[in-house]
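Results of the structural survey
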There are 2 protein chains.
Amino acid sequence: MTVITKWSSELTTLSRVELLEKIRAQINERRFAHVLRVEEKALELAQDKNVNLEKVSLVALCHDYAKDRPDEEMIARIKAGDYDQEMLKFGSAIWHGDVGAELVSEELGINDAEILNAIRLHTVGASEMSLLDKIIYVADYTEAGRDFPGVEEARQIAAVDLDEAVSFATKHTLQHLIETNQKIYPKTLTTYNRWVAKL
Amino acid sequence: MTVITKWSSELTTLSRVELLEKIRAQINERRFAHVLRVEEKALELAQDKNVNLEKVSLVALCHDYAKDRPDEEMIARIKAGDYDQEMLKFGSAIWHGDVGAELVSEELGINDAEILNAIRLHTVGASEMSLLDKIIYVADYTEAGRDFPGVEEARQIAAVDLDEAVSFATKHTLQHLIETNQKIYPKTLTTYNRWVAKL
């Protein structure tokens, strides 16, 4: 896998070293390693698909940019911004997609609409998902460091059918949340109804 | 268990025989037997609780009144009425609660708001549920004819803690729907988030 070291100037003027430094400053070490593995898996999934590899790389590197921000800052941004205020009942696991897109734009100067949308959707998905959205959603679920029952099956499905992998990831994520009595964000159900139940 | 044979005239002027005849004319035999078992279980759950037993009986008998109506009639009513039009993407399993309340009012002349609300909620539940709502929701899940893995546990929980039984029924219903890739009505998730995840 060739790592992308320079992106088109319309996407970002940062070099790879500069971007990684900025990201590393925002998230813990374990998460930074995860981000690099998501990039690797996402580029692997993107092979032979009609998708911009530079965007794949940038979304992967930036997708968890906001995940280690203090709750107070996230809450303040959700209250101040044009967000679904229901989101406040949930936690960082939900917030970091939508708010992350805002922060990546503001602080990293990356403004490509497709990139920001894929960051927004990467945890909860959506009924409409672009190829880029699906690649990140599935790469985040199947990157090499993931280790849970079913991950190997998810990887095999992802290698042959991205839509089926979106379905698999969504179904199994929901099952895990319910098994452990965790709250479920309504948009996750929308994703389930489209990709699993094929409503 | 004493069966209620006469209801207060503010609730209905129909005798038990008259009401059962009208219900029997609307639903198949198997479902009619289910309805009688729901009444029995609901009255059992209502024992020693601060709830109007006449209403318990009426809701139980009327809760599936609309379940065997032709889809075309249900769809026409949903389109013409003040319903969430998203409901059209679902089926009779979802429609018969809301539309059933309308039909019970129109055709049986039962207009008590608490009774109609319990009919509305009996399949999908809600974040706010009255004692009457909960009794019907749980009785429908645990009546003596039900036979699925976990039903005995559900009955035992229902006998001691109605809220826990609402939670159990909601969780297991969702798990079954997901296991079989069936679509999930958003209000069911609202019920889950309140009663299972305690959002």
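The coordinates are above.
First things first, this report covers the structure right here in the doc. (Residues numbered from 1 in each chain as written. Chains lettered and ligands numbered in written order. Predicted model: local features only at pLDDT ≥ 70, side-chain atom pairs only at ≥ 80, totals over all residues. Heavy atoms only, no water.)

**Structural notes on helix α2 (residues 29-46) of chain B**
Residues and elements named next belong to chain B. Using the following cut-off: The way it works is that DSSP assigns letters per residue, a run of H or I at least four long becomes a helix, a run of E at least two long becomes a strand, and they are numbered from the N terminus. Expected helix span is given by 1.5 Å per residue-to-residue step, counting one fewer step than there are residues. Whenever two N or O atoms come within 3.5 Å, that pair is a polar contact, provided that in protein one can donate a hydrogen and the other can accept it, and provided that, for residues adjacent in sequence, both atoms are side-chain atoms.
Across its 18 residues, α2 extends 26 Å between first and last C-alpha, which sits within 8% of the 26 Å expected from 1.5 Å per residue. Two to three positions downstream of the cap, the backbone nitrogen of Arg30 sits 3.1 Å from a side-chain oxygen, assigning the N-cap of α2 to Asn28. With its phi angle positive at about 65 degrees, Asp48 sits one or two positions after the end of α2.

**Let's talk about the environment of Ala197 of chain A**
Note the cut-off: Categorising residues by exposure relies on relative accessible area from a 1.4 Å probe, with only protein chains included: less than 20% of the type maximum marks a residue as buried, more than 50% marks it as exposed, and the intermediate range marks it as partly exposed. Residue contacts follow a heavy-atom distance rule, with two residues in contact if any of their heavy atoms lie within 4.5 Å.
By secondary structure assignment, the location of Ala197 of chain A is in the segment after α10 (186-195). For Ala197 of chain A, a relative accessible area of 17% translates into the label buried. Considering only alpha carbons, one finds Ala197 of chain A and Lys171 of chain A, 26 residues apart in sequence, at a separation of 9.4 Å. When residues no more than four places from it in sequence are discounted, the contact partners of Ala197 of chain A are Tyr192 of chain A together with Asn181, Gln182 and Lys183 of chain B.

**Quick word on the relation of the copies chain A and chain B**
Counted only if it meets this: Least-squares fitting of one copy onto the other uses the C-alpha atoms of those residues that reach a pLDDT of at least 70 in both copies.
After a rotation of 180 degrees and a shift along the axis of 0.0 Å, chain A superposes on chain B with an RMSD of 0.0 Å. Within this description, the copies of the chain are treated as partners about a two-fold rotation axis.

**Digging into the interface of chain A and chain B**
Reports of interface size often rely on the accessible area that becomes lost once the parts have come together. The test is simple: In short, buried area is how much 1.4 Å probe accessible area vanishes from two parts on joining, totalled over both. Whenever Lys or Arg places a side-chain nitrogen within 4 Å of a carboxyl oxygen from Asp or Glu, that contact is recorded as a salt bridge. When residue character is reported, Ala, Val, Leu, Ile, Met, Phe, Trp, Tyr, Cys and Pro are called nonpolar, Asp, Glu, Lys and Arg charged, and the others, Gly included, polar.
Between chain A and chain B, the residue contacts involve 20 residues of the former and 20 residues of the latter. Of the roughly 1,600 Å² buried between chain A and chain B on both sides combined, carbon and sulfur atoms contribute 63%. If you look at where chain A meets chain B, you find 0 salt bridges. Viewed at the interface, chain B and chain A are joined by 13 residue pairs in polar contact (both at pLDDT 80 or more). Elements represented by at least two residues in the side of chain A that touches chain B include exactly α9 (162-179) and α10 of chain A. Counting residues per element, the side of chain A that touches chain B draws most heavily on α9 of chain A, which supplies 6 residues. Residues of the side of chain A that touches chain B, tallied by class, amount to 12 nonpolar, 4 polar and 4 charged.

**Examining the packing of helix α6 (residues 113-121) of chain A against helix α7 (residues 131-142) of chain A**
All names here are of chain A. We count it as follows: The axes are straight lines fitted to the C-alpha atoms, using for helices just the contacting stretch, and the angles between their N-to-C directions are given from 0 to 180°. Roughly parallel means an angle under 35 degrees; roughly antiparallel, over 145; roughly perpendicular, 65 to 115; everything else is oblique. Handedness of a helix crossing follows the sense of rotation of the near helix relative to the far helix, less than a right angle counterclockwise being left-handed and clockwise being right-handed.
The N-to-C vectors of α6 and α7 enclose an angle of 40 degrees; their axes lie 9 Å apart at closest approach. Here α6 is positioned oblique relative to α7, judged by the angle of their axes. The element α6 and its partner α7 pack so that their crossing is right-handed. Where α6 abuts α7, its residues Glu114, Ile115, Asn117, Ala118 and Leu121 lie against Leu132, Asp133 and Tyr137. Within the contact of α6 with α7, the residues separate by chemical class into 5 nonpolar, 1 polar and 2 charged.

**Looking at the environment of Gly91 of chain B**
Residues and elements named next belong to chain B. When you line up the elements, Gly91 lands in the loop between α4 (71-80) and α5 (92-108). On the basis of relative accessibility, which here comes to 25%, the residue Gly91 falls in the partly exposed class. Placed 30 residues apart in sequence, Gly91 and Leu121 show a C-alpha to C-alpha distance of 15 Å.

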